Amino acid sequence: MEKTRPLWTTPLQFVFACISYAVGLGNVWRFPYLCQMYGGGSFLVPYVVMLVVEGMPLLYLELAVGQHMRQGSIGAWRTVSPYLSGVGVASVLVSFFLCTYYNVINAWAFWYLFHSFQDPLPWSVCPLNGNRTGYVEECEKASSTQYFWYRKTLNISPSIQESGAVQWEPALCLVLAWLVVYLCVLRGTASTGKVVYFTALLPYCVLIIYLVRGLTLHGATNGLAYMFTPKMEQLANPKAWINAATQIFFSLGLGFGSLIAFASYNEPSNNCQKHAIIVSIINSSTSIFASIVTFSIYGFKATFNYESCLNKVILLLTNSFDLEDGFLTANNLEQVKDYLASAYPSKYSEVFPQIRNCSLESELETAVQGTGLAFIVYTEAIKNMEVSQLWSVLYFFMLLLLGVGSMLGNTAAILTPLMDSKLISSYLPKEAISGLVCLTNCAIGMVFTMEAGSYWFDIFNDYAATLSLLLIVLVETVALCYVYGLSRFESEFKAMTGRALNWYWKVMWGGVSPLLIISLFIFYLSDYIITGTLQYQAWDAAQVSAVSGVSLSETKCLSRTGAVVCHNGNHHPAPCFPQLLLEYGCLTMLRLLLLRHRVNQPDLCPFFFYTFSPFRSPQSSEQSSLCYRAGSH
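Per an unreviewed UniProt entry, the protein carries the name Transporter and comes from Odocoileus virginianus. As stated in UniProt under Subcellular location (unreviewed entry), the record for the protein gives "Membrane". Of the comments in the UniProt record for the protein, the one headed Sequence similarities (unreviewed entry) reads "Belongs to the sodium:neurotransmitter symporter (SNF) (TC 2.A.22) family."

Shown next, in the form of structure tokens:
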């Protein structure tokens, strides 16, 4: 007898599960960066447009497919067509890749959370050197927050070739992170449905607390003014629209199969159209809300750094020219500098190289995203707050909730198809299936706790789940509309839910959304051709610098044919195992997508995996010159 499919206890559980999955770390550390880069308040125009023409329709499509087919991604697309099983398998593989490295962020959040109970915070001051006569040189050259991140947390190696050993502290945190995920998914919807109330609601409580605190910080208005001052000329920038579309796409978690898995546990008559609109609006509103919090913190940090810079210049000039204490202030600094330069030209020329150029605008324009924002910029601001331990605990607790909430969806995308399989579920209970999946991912994830783990993390983050998702969602949309048939799906969906599809959804699914995804492909390809080689930055302990421009001791370059070589300071090329792993995974995914066809074109792999990634930062021409160009290797 066929087992009854488990259901969400209430529709509210389903909504919270989708919100917990969609609202993740990208809302906190990616969207504010895009606002900063593309015109502040004016970026909201392309963002809202892309939400309406891309985000909502594609989210509704995946929810409708999951609820109608009542299976995970593999079974759902096999029902659409036996030839499309590979689409579901590709979704599972991408989710597996994502789970492998994504939970490492939760491990880092645990690590920082545990250290947040110390007084003073360990990243607030540089440690003493071995003979206790001064501070550690690497920390002095960089900053205490960068030193704690790169040396104490990652213990990063100078190149990806030097893998180093597994760091036992991050490794234990990773085991803890996977244990938490396992306990949350242990009983399927029965356990996940209870956890999502916390992972969906508590981050908003922390954000509200941080908003109140952020608005009371000195200089917060400078950050908010920078955010909300629109630069309308950015509306003519195609990259602003492309990045808005990309942010909407990846923020909602389309293509992973998680939304299909969640919707498959709905009642057949559930109004998933309403839920798609609600989740889309809440996700985007959270991004804007988190940006207000972030820019208030940005303003505080920028103002603090700006005033610290002024005070150092004032102290330098006061001591150098024996000025009266209190005579030199921020208001008359420029006038006094001009006077000193004209009255004492020789002495001023000696001091001039030590005078820093202090600018509040340049501090506000420092754009950082990803782990640099979460673990360096935020911690830099937190350490200067009163009762810094409290704010640190709240912040990393929020990051942990956001990360765990997203992991519930990512693991559901893997577990649901496995549990739907009669072959697997007949031999193993769901607790064992969940345990094996978590254990496998945890074992592979240990790679990211090695000394070179940060470089591996960047490679997976840039290439494991970017363009492959665009390809998957494009095939999903075309398959539903033109293989299964939009009119057939509409009639069956109406019979199931009692609601007809609005013309708006049909127009978006049948034309606008697929064309938009194809446009993204064209942009990525053209940008890749124009850019040429792509790079990442490595940490050099001997020549450290700020997070926005970490010095290069080794640069990884991707040639236009997709070949990757790693080299050290002597420019000796060596193969990169992480790239080879992803290259193999890429080729496997293409074969799965074209399940019944033979693919004998390995050159397709670089096209899909090594084109422009929306998460990489632009590099300078000086850094480009350091690349070892692979050419046709």
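Now, onward.
Turning to unusual backbone geometry, a few remarks are in order. In this structure, Pro120 follows Asp119 across a cis peptide bond, with omega equal to 0°. You can see Pro120 is positioned in the loop between α6 (85-115) and α7 (137-141). Here Asn155, not a glycine, exhibits a phi torsion of approximately 45°, which is positive. Within the element layout of this structure, Asn155 appears in the loop between α8 (144-153) and α9 (168-185). Unlike most non-glycine residues, Asp322 shows phi in positive territory, near 55°. Look at Asp322 and you get exposed, because its relative accessible area is 67%.

Take Glu54: it is sitting in helix α4 (residues 44-69). Residues in contact with Glu54, not counting those within four places in the same chain, are Ala245, Ile248, Phe249, Ser513, Leu516 and Leu520.

A word on the nonpolar core. Counting residues in each nonpolar core, the largest one holds 172 residues, and the members touching the most others are Tyr60, Leu63, Tyr210, Phe375, Tyr395 and Trp509. Sorting elements by how many residues they give to this core places α6 first, with 18 residues. Discounting chain neighbours no more than four positions away, the residues touching Tyr395 are Tyr210, Leu373, Ala374, Tyr378 and Ile382.

Thresholds, definitions, all that
Residues numbered from 1 in each chain as written. Predicted model: local features only at pLDDT ≥ 70, side-chain atom pairs only at ≥ 80, totals over all residues. Heavy atoms only, no water. UniProt positions renumbered as here; feature names shortened; annotations may be inferred. Helix = DSSP H or I, 4+ residues; strand = E, 2+ residues; numbered from the N terminus. Buried < 20%, exposed > 50% of the residue type's maximum accessible area, 1.4 Å probe, protein only. Contact = heavy atoms within 4.5 Å. Core = buried A, V, L, I, M, F, W, Y, C linked by side-chain atoms within 4.5 Å.

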